Amino acid sequence: MKRAVLPVALLLVALGAVAWLQRLQTSERIGYRAPDFTLPDLDGKPHRLSDLRGKVVFLNLWTTWCPPCRMEMPAMERLYQRLRGRDFVMLAVSEDEQGASAVVPFVAELGLSFPILLDPEARLSPRYGVTGYPETFVIDRDGNVVNHTIGPADWGSEEMVAYFVALLDQRPAAARAAAGGDGGGT
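Residues numbered from 1 in each chain as written. Predicted model: local features only at pLDDT ≥ 70, side-chain atom pairs only at ≥ 80, totals over all residues. Heavy atoms only, no water.

Another point: the confidence of the model for the protein chain. With 77% of its residues at a pLDDT of 70 or more, the protein chain has an overall mean of 86. Per-residue pLDDT stays below 50 along residues 13-27; that stretch engages in 5 contacts with residues further than four places along the chain or on separate chains. (pLDDT = per-residue confidence, 0-100. Contact = heavy atoms within 4.5 Å.)

As structure tokens, then:
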């Protein structure tokens, strides 16, 4: 019995350490200006992050061969549909080496309607410090990373929708400064 307890205890300690390190790593990777980029969508139209200043941006880096990426895509679609028409932009950046040939069938199969960008050479990952897939960065109206999530999430949950609605209700820093307020309320 004692022999079985030690490996289980060591496993729990190791899992706790990994979770703590991920939280630490994530908390250190927020509060900075999001690196600008320009990437094409599936139709070849370029999308530049800095052109979206004043909007809340959901930036997800993923690949078609990643099971957790596939798992979270329907929840991303639900979030996108709930916030469509507001100052909310969802950008899902595929880092598949095969580019559109791998991504188009994946998007069709899952019925995704949000913009999918292509980065087959994975140039964006090192700029954001991505360690695996999927990773999501939430960028506020001022262009700052305010949330970084490693791994899949239930983006369509009521809690997530409420988080994004609250973020959308915040005015950009320039508007808060011009009004002489701190951003709380209107």
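On we go from here.
What follows deals with the packing of aromatic side chains. Applying the stated criterion to the full structure yields 10 aromatic pairs. Relative to Tyr-133, the ring of Trp-65 has its centre 5.9 Å away and its plane inclined at 85°; by these criteria the two rings are edge-to-face. One end of the pair, Trp-65, is in the loop between β3 (56-62) and α2 (67-83); the other, Tyr-133, is in the loop between α4 (124-128) and β6 (135-139), with 68 residues separating them in the sequence. Three or more aromatic residues link up through ring pairs in this structure, and these residues are Phe-58, Phe-88, Trp-155, Tyr-163 and Phe-164. (Phe/Tyr/Trp six-rings, centres within 6.5 Å; stacked < 30°, edge-to-face > 60°. Helix = DSSP H or I, 4+ residues; strand = E, 2+ residues; numbered from the N terminus.)

What follows concerns α2. Under the 1.5 Å per step criterion, the end-to-end length of α2 is 25 Å for 17 residues, consistent within 8% with the ideal 24 Å. Approximately 30° is the largest bend angle found in α2, and it occurs at Met-73, with the proline Pro-74 only one to four residues beyond. Where α2 is concerned, the buried positions are Cys-69, Glu-72, Met-73, Ala-75, Met-76, Glu-77, Leu-79, Tyr-80 and Leu-83. The inward-facing, buried residues of α2 abut β3, β4 (88-94), α3 (100-110), β6 and α5 (158-169). With its phi angle positive at about 90°, Gly-85 sits one or two positions after the end of α2. (Expected span 1.5 Å × (residues − 1). Bend = angle between axes of the 7 residues up to and from the residue. Buried < 20%, exposed > 50% of the residue type's maximum accessible area, 1.4 Å probe, protein only.)

Attention now goes to the nonpolar core. Grouped together as the largest cluster of nonpolar side chains are 28 residues, with contacts concentrated most on Leu-79, Phe-88, Phe-114 and Phe-164. Secondary structure elements with two or more residues in this core: β3, α2, β4, α3, β5 (116-118) and α5. Broken down by element, the residue count for this core peaks at 7 residues, all from α2. Apart from the residues lying within four places of it in its own chain, the contact partners of Leu-79 are Phe-58, Phe-88, Met-90, Trp-155, Gly-156, Val-161 and Phe-164. Of all hydrophobic cores here, the second largest spans 18 residues; its members include Leu-39, Val-57, Val-89 and Val-93. (Core = buried A, V, L, I, M, F, W, Y, C linked by side-chain atoms within 4.5 Å.)

Attention shifts here to the state of the cysteines. As enumerated under the stated definition, the model contains 1 disulfide in all. One disulfide bridge connects Cys-66 with Cys-69, the sulfur atoms lying 2.5 Å from each other. Of note, the bridge from Cys-66 to Cys-69 carries an S-S torsion of about 80° and is right-handed in sense. Assessed through its relative accessible area of 4%, Cys-66 is described here as buried. Judged by its relative accessible area of 0%, Cys-69 falls in the buried class. (Disulfide = S-S within 2.5 Å.)

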